[in-house]
Amino acid sequence: MNIPNALNILRILLTPLFAALYLRGQTGAAVAVLLLCALTDVLDGYIARRFNMVTELGKALDPVADKLTQITIAVLLYIRFSSSTDSLIKTFSWIFLVFIIKEFVMVLFGGIMIAIGLKPSAAEIYGKVATCVFYFVMIALFAFAPDVGAFNSLWTIPDTMLIVLVAISALLTVVAFVSYLPGVFKQFKEKFSKK
């Protein structure tokens, strides 16, 4: 156990707390916890690389923490957007299914790869950029989205900006997903060509 691994475990523990706070209507506190999740995600990778603390446990914990957090965020926003009184927000709720489907497919393929003795690919630059943008956009939504955000009485994201932000994040998520595929196919090809 080292600091990066502890940060990953903290993020795993913070995710259900974030969901519970949001579902209980304590949206300001939920946004603060989500900010802390994002911070632990940035710090664990930086500390691990900077101070040579990369471990096999960390390589396993980081994607688990990422997937858990991102699926939780996408599910909560899908539920909240689909039940919104704002017609645009309600219509736009389907886009969160892109995030949910991508994460479930990655979890499924990761599980299959581990089960047959392959190693899921580490995050590429596309995945890291997509994750950073995802956190930025989702925190902005939880804080300032119309009819949804904790602080939308202070400022509300204009509808066009909201659509553009979420669309950019969804597009980057798809690009990151596609960037993993060549490595996955290569591993499967090598595995089964040996047989």
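Calculation rules
- Residues numbered from 1 in each chain as written.
- Predicted model: local features only at pLDDT ≥ 70, side-chain atom pairs only at ≥ 80, totals over all residues.
- Heavy atoms only, no water.
- Helix = DSSP H or I, 4+ residues; strand = E, 2+ residues; numbered from the N terminus.
- Rg over C-alpha atoms; globule rule 2.2 N^0.38 Å.
- Buried < 20%, exposed > 50% of the residue type's maximum accessible area, 1.4 Å probe, protein only.
- Axes fitted to C-alpha atoms, helices over the stretch in contact; angles between N-to-C directions.
- Parallel < 35°, antiparallel > 145°, perpendicular 65-115°, else oblique.
- Left-handed = near helix turned anticlockwise from the far one by under 90°.
- Contact = heavy atoms within 4.5 Å.
- Nonpolar A, V, L, I, M, F, W, Y, C, P; charged D, E, K, R; others polar.
- pLDDT = per-residue confidence, 0-100.
- Salt bridge = Lys/Arg side-chain N within 4 Å of Asp/Glu carboxyl O.

This part takes up the overall build of the chain. If you tally the helices and strands in the chain, you get 7 helices and 0 strands. Listed N to C, the secondary structure of the chain is α-α-α-α-α-α-α in terms of helices and strands. A compact globule built from 195 residues would reach a C-alpha radius of gyration of about 16 Å, and the chain, at 18 Å, matches this within 12%. In terms of its C-alpha atoms, the chain occupies a principal-axis envelope of roughly 60 × 35 × 25 Å. Expressed as a percentage of the 195 residues in the chain, the buried residues total 42%.

This next bit is on the packing of helix H2 (residues 27-50) against helix H3 (residues 56-82). Contact pair H2 / H3: the axes reach a minimum separation of 11 Å and the direction vectors enclose 155°. In terms of orientation, H2 lies roughly antiparallel with respect to H3. When the axes of H2 and H3 are compared, the crossing they make is left-handed. Each of Leu34, Cys37, Asp41 and Asp44 in H2 lies in contact with H3, whose residues at this interface are Asp62, Asp66, Thr69 and Ile73. Classifying every residue of the contact of H2 with H3 by side-chain character gives 3 nonpolar, 1 polar and 4 charged.

In this section: the confidence of the model for the chain. Looking at the chain as a whole, the pLDDT averages 88, with 98% of positions reaching at least 70. Per-element mean pLDDT across the chain ranges from 82 in helix H4 (residues 87-92) up to 94 in helix H1 (residues 3-23).

All right, on to the pattern of salt bridges then. Scanning the entire structure with this criterion turns up 7 salt bridges. Of the charged contacts, one joins Arg11 and Asp41 as a salt bridge, the two residues approaching to 3.2 Å between their closest N and O atoms. On the criterion of sequence distance, the pair formed by Arg11 in helix H1 and Asp41 in helix H2 is long-range, its members being 30 residues apart. Asp41 carries the same exposure label as Arg11, and that label is buried. With a closest N to O distance of 2.7 Å, Asp66 and Arg11 form a salt bridge. Of this pair, Asp66 sits in helix H3 while Arg11 sits in helix H1, placing them 55 residues apart in sequence.

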